[in-house]
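One-letter residues, chain by chain:
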Amino acid sequence: MMTRPKAVLIGPPGSGKTTIGTALAERLGVPLRDTDADAEAAAGKPIGEIFIDDGEERFRALERAAVAAALAEHEGVLALGGGAVLAPETQELLAGHTVVYLRVGLAEAIKRVGLASARPLLVLNPRSQMRKLLEERLPVYERLGTVHVDTDGRLPEEIVEEIAKAIEGGA
């Protein structure tokens, strides 16, 4: 029997993939796997250092491999890095999975991430970069998400309950 995640969480930085993923995994009684952590483990260093030492393309290759492995092996909740969905091969692999798009507005995302972020793509001008990332990625998130959940102004427990009901209801 093929293993498959119960839910794959996607969304921009600040959408709550880690926070919601942790709570959702607990609610469903399954483990959480984060592909950013897998990429870091494969490289033996944090994402920021991968970007600096090896470049974004090396990180994206590690990310694609981490996502492919996790989709094939993991049966719990899977959190993807914000840019993982940009790879066409990742988009293809997500077909047929329950993909939860965690929607977040620009102001809320910036508040959550912080302007002094250690995220490599937000270093120079975080507000401007976040806007650019959202504009670039939004259509992909919208298309890939089989369940769309608004996160602005909501408690994690409310979001988790909405996702759990959608998954358990076969959405």
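About the criteria used
- Residues numbered from 1 in each chain as written.
- Predicted model: local features only at pLDDT ≥ 70, side-chain atom pairs only at ≥ 80, totals over all residues.
- Heavy atoms only, no water.
- Helix = DSSP H or I, 4+ residues; strand = E, 2+ residues; numbered from the N terminus.
- Buried < 20%, exposed > 50% of the residue type's maximum accessible area, 1.4 Å probe, protein only.
- Areas by Shrake-Rupley, 256 points an atom, 1.4 Å probe, with all protein chains shown as cover.
- Pairing = 2+ DSSP bridges.
- Axes fitted to C-alpha atoms, helices over the stretch in contact; angles between N-to-C directions.
- Contact = heavy atoms within 4.5 Å.
- Parallel < 35°, antiparallel > 145°, perpendicular 65-115°, else oblique.
- Nonpolar A, V, L, I, M, F, W, Y, C, P; charged D, E, K, R; others polar.
- Polar contact = N/O pair within 3.5 Å; in protein donor to acceptor, adjacent residues only side chain to side chain.
- Core = buried A, V, L, I, M, F, W, Y, C linked by side-chain atoms within 4.5 Å.
- UniProt positions renumbered as here; feature names shortened; annotations may be inferred.

**Q** Can you walk me through the overall build of the chain in this structure?
**A** Helix and strand counts for the chain come out as eight helices and five strands. Going from N to C terminus, the chain has its helices and strands arranged as β-α-β-α-α-α-β-α-β-α-α-β-α. Across the 171 residues of the chain, 46% fall into the buried class. Carbon and sulfur atoms provide 54% of the accessible area of the chain, an area that totals close to 8,400 Å².

**Q** What is the right way to look at the sheet that holds strand β3 (residues 77-79) in this model?
**A** Strands belonging to one sheet form pairs held by backbone hydrogen bonds; the direction of such a pair is parallel or antiparallel. Overall, parallel pairing links the five strands, which are arranged β2-β3-β1-β4-β5 in an open sheet. Looking at which strands have only one partner, the edges of the open sheet turn out to be β2 (32-34) and β5 (147-150). Across the sheet, the mean angle separating the axes of adjacent strands is 25° when strand polarity is ignored. Judged from the three bridges that link them, strand β1 (residues 7-10) and strand β4 (residues 99-103) form a sheet pairing that is parallel. Opposite Leu9, over in β4, you have Val100 as the bridge partner. On the sheet, helix α4 (residues 56-73) packs against β1, β2 and β3 and is oriented at approximately 160° with respect to β2. Of the strands in this sheet, β1, β4 and β5 are in contact with helix α8 (residues 156-168), which crosses β5 at around 165°.

**Q** How should I be thinking about the packing of helix α3 (residues 47-54) against α4 in this particular structure?
**A** The axes of two packed helices give the description: the angle between them and the distance between them. One way to put it is that α3 packs onto α4 with a least axis distance of 7 Å and a crossing angle of 130°. On the basis of their axis angle, the class for α3 and α4 is oblique. Two secondary-structure elements touch here, α3 through Ile47, Ile50, Phe51 and Asp54 and α4 through Glu56, Arg58, Phe59, Arg60 and Leu62. A breakdown of the residues in the contact of α3 with α4 according to their chemical character gives five nonpolar, no polar and four charged.

**Q** Would you mind showing me how to read the side chain of His74 here?
**A** You can see His74 is positioned in the loop between α4 and β3. Engagement of the side chain of His74 in a polar contact is seen with the backbone oxygen of Pro31, the distance being 3.2 Å. Of note is the side chain of His74, whose polar atom sits 3.1 Å from the backbone oxygen of Val77.

**Q** Mind showing me how you'd approach the nonpolar core here?
**A** Across soluble globular proteins, nonpolar side chains have a tendency to be buried as a group. Ranked by size, the top nonpolar core spans 18 residues in total, and within it Leu24, Val100, Leu102 and Ile163 carry the most contacts. Only β1, α1 (17-28), β4, β5 and α8 provide two or more residues apiece to this core. Sequence-distant contacts of Leu102, defined by excluding residues within four places in its chain, comprise Leu9, Ile10, Gly11, Pro12, Ser15, Gly16, Lys17, Ile20, Val149, Thr151, Ile159 and Ile163. Grouped together as the second largest cluster of nonpolar side chains are 15 residues, Val8, Ile10, Val67 and Leu78 included.

**Q** Hey, could you run me through the UniProt feature "binding site: ATP" (unreviewed entry) in the chain in this one?
**A** Feature annotation in UniProt assigns "binding site: ATP" (unreviewed entry) to the following positions: Gly14, Ser15, Gly16, Lys17, Thr18, Thr19, Arg119 and Arg154. Here Gly16 shows up in the loop between β1 and α1. Position of Arg154 among the secondary structure elements: in the loop between β5 and α8. Those residues in contact with Arg154, other than ones at most four positions away along the chain, are Val149, Ile159 and Glu162. Of note is the side chain of Arg154, whose polar atom sits 2.8 Å from the backbone oxygen of Asp150.

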